[in-house]
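Architecture at a glance
Here's the letter readout for the chains.
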Amino acid sequence: MSDVTLYIYKYLFRLVLLHRQLGIFTVSDRMGEPLRVVVTGAAGQIGYSLLYAIASGGIFGDKKRVTLLLLDIPPMMEVLNGVVMELSDCSFPNLAEVIATDKLDVAFKDVDVAMLVGAMPRKEGMERKDLLAANVKIFKAQGAALVQYAKKTVVVVGNPANTNAFICSHYAPSIPKENFSALTRLDQNRAQNQIAARLGIPNSDVQDCIIWGNHSNTQFPDVCHAKAKVDGKFVPVQDAVKDDNWIKNEFISTVQKRGAAVIKARKLSSAMSAAKATVDHVRDWLLGSGDRIVSMAVASDGSYGIPAGLIQRNGNWKIVQGLEINDFAREKMDITMKELLQERDDALKICEQDQQIACQK
Ligand code: NAD
């Protein structure tokens, strides 16, 4: 198998147990400096909810001061200015500074944490592949900017999130692969909520749902290892639900198509829930998830049939090992893997063509 073929497997998906703090967090604390956090697409819908959560201490806690660097495109600067005014008016005690810009070098300067949200959102009736051409170039440029200016821990939210994370990391070769991840937590939250609603129990009583694959309608929400609290004790979700047909069909389909259902109803893509999932993702990454399994798209280490060897890994998350993958799960995982392979190929082709055009100019 070629290196390129191996590489694609990396942004497939992964379940990870997060267990210790990132160095950057401790270093910034020791130096008494605010954490520098860039949010791209800061004038957009997700940005609006996410900035509030960050500034109010929802991720880094109420003891940690934060400098927010807000990036958007030139036509959005007036809107972004309004967001900056609102952040000021909130009078957050731990918000050290807000810097709004349309320049990559300003936005990425010395950042500790990058939340790459900005991209073109999917509209009603639009397929993910239509988004690809528009969005991968953004993440190619931001990968290069991260290398040049940032300190770097990166979460990618903008769709197609897995492939954008792959491209961003590809064009940031000097940054360790384990510093990149893509958001699949929204899908996990959706899956856990579906189970909780079915059982009539609180969301907090369902844990360890796994999301395999692409953040798209080929993803595989897997409850084989998930637990639900029934009558005061955790039992396997399958035993609690007692309806395999529902789990294999309606449940999976509802989670896979939830993004489209929200778009159909709201005429806009998920924003509040995406921001909340980003908060969950980054907080668990930096502070740990305890004994909960959480889903993030990260680089593969070769487990679960995904080739190893390309990535040096000594990161702050850990891929959960030894989970049994049954035939049903394998089939679903292979479908979404195939889609990611195609996306990867298309994305690389777009970036290479872009490079050739740039050289000809
Ligand atoms: P939005 O259109 O409201 O906001 C996007 C913002 O990004 C806009 O302000 C736009 O000007 C900005 N932007 C565009 N190109 C940019 C660039 N090159 N640099 C910086 N900013 C740029 O969209 P939204 O609802 O906030 O969604 C943002 C992205 O998140 C979309 O791609 C959407 O599909 C994706 N999303 C992902 C998930 C997930 O679970 N991974 C969930 C929901 C939405």
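Please read these numbers as outputs of a predicted model, since none were measured by experiment. Within each chain, residue numbers correspond to sequence positions counted from 1 in written order. The predicted origin of the model limits local features to residues at a pLDDT of at least 70 and limits the giving and counting of side-chain atom pairs to 80 or more, whereas totals for whole chains, interfaces and linings rest on all residues. With hydrogens and water set aside, each side-chain value is computed from the structure's full complement of heavy atoms.

Contact geometry of helix H3 (residues 45-55) with helix H12 (residues 272-287) gives a least axis separation of 8 Å together with a crossing angle of 40 degrees. Viewed along their axes, H3 and H12 adopt a mutual orientation that is oblique. In the crossing of H3 with H12, the sense of the turn from one axis to the other is right-handed. Residue-level contacts link Ile46, Ser49, Leu50 and Ala53 of H3 to Met272, Ala274, Ala275, Thr278 and Val279 of H12. The residue inventory of the contact of H3 with H12, partitioned by class, reads seven nonpolar, two polar and no charged. For helices, the axis comes from a line fit to the C-alpha atoms of the stretch in contact; other axes are also lines fit to C-alpha atoms, and the angle between any two N-to-C directions lies between 0 and 180 degrees. For helices the rule is a DSSP run of H or I covering at least 4 residues; for strands it is a run of E covering at least 2, with both sets numbered from the N terminus onward. By the definition adopted for this analysis, an angle is roughly parallel if under 35 degrees, roughly antiparallel if over 145, roughly perpendicular if from 65 to 115, and oblique otherwise. Crossing handedness: left-handed means the near helix sits turned counterclockwise from the far one by under a right angle, and right-handed means the same turn made clockwise. Note on definitions: a residue-residue contact is assigned when non-hydrogen atoms from the two residues lie within 4.5 Å. Any residue that is not Ala, Val, Leu, Ile, Met, Phe, Trp, Tyr, Cys, Pro, Asp, Glu, Lys or Arg is counted as polar, Gly included; the first ten are nonpolar and the last four charged.

Another point: the sheet that holds strand S2 (residues 35-40). Pairing between two strands is assigned when DSSP locates at least 2 bridges connecting them. On the basis of which strands lie adjacent, the open sheet formed by six strands has the order S4-S3-S2-S5-S6-S7 and parallel pairing. Two strands close off the open sheet at either side, each with one partner strand: strand S4 (95-101) and strand S7 (180-182). Neighbour-to-neighbour, the strand axes of this sheet turn through a mean angle of 15 degrees, independent of strand direction. Strand direction decides the pairing type here: strand S6 (residues 154-156) and S7, joined by three bridges, are parallel. Residue pairing across strands places valine 154 opposite phenylalanine 180, the latter belonging to S7. Each of S2, strand S3 (66-71), S4 and strand S5 (113-116) is contacted by H3, which is oriented at about 165 degrees to S3, the strand it contacts most. Against the sheet, helix H7 (residues 161-170) engages S5, S6 and S7, with an angle of about 165 degrees to S7.

Attention now moves to the sheet that holds strand S11 (residues 227-230). The antiparallel open sheet is built from three strands, whose spatial order is S8-S11-S12. What marks the edges here is a single partner per strand, and that holds for strand S8 (206-207) and strand S12 (233-236). The pairing of S11 with S12 spans four bridges and is classified as antiparallel. Counted as the bridge partner of lysine 227 is proline 236 from S12.

Here asparagine 94 shows up in the loop between helix H4 (77-90) and S4. Only protein chains enter the accessibility calculation, which uses a 1.4 Å probe; a residue whose area is less than 20% of its type maximum is buried, one above 50% is exposed, and one in between is partly exposed. Residue asparagine 94 is classed as buried on the basis of its relative accessible area of 18%. A distance of 2.4 Å separates a polar side-chain atom of asparagine 94 from the backbone oxygen of aspartate 62. Setting aside its immediate chain neighbours within four residues, asparagine 94 contacts Asp62, Lys63, Lys64, Arg65 and Val66. Whenever a nitrogen or oxygen atom comes within 3.5 Å of another N or O atom, the pair is scored as a polar contact, on the condition that within protein one atom can donate a hydrogen and the other can accept it, and that pairs from neighbouring residues in sequence are kept only if both atoms are in side chains.

This brings us to the pattern of salt bridges. Any carboxyl oxygen of Asp or Glu within 4 Å of a side-chain nitrogen of Lys or Arg constitutes a salt bridge here. Under the defined criterion, the tally for this structure stands at 15 salt bridges. For aspartate 102, the salt bridge goes to lysine 103, with nearest N and O atoms at 2.9 Å. Classification of lysine 103 as partly exposed rests on a relative accessible area of 47%. Overlapping salt bridges bring together Arg185, Lys276, Asp280, Arg283, Asp284 and Arg292 as one network.

By convention in this text, a residue qualifies as near a molecule or strand provided that one of its non-hydrogen atoms is within 4 Å of it. As a structural note, the neighbourhood of the ligand is formed by 27 residues, with Gln45, Ile46, Asp72, Val157 and Asn159 the closest of them. Only the protein chains shown count as covering a residue, and every accessible area follows the Shrake-Rupley method with a 1.4 Å probe. Surface burial for the ligand is 88%, taken as the share of its 870 Å² of free accessible area covered by protein chains. Its residues assigned to classes, the shell around the ligand shows 15 nonpolar, 10 polar and two charged.

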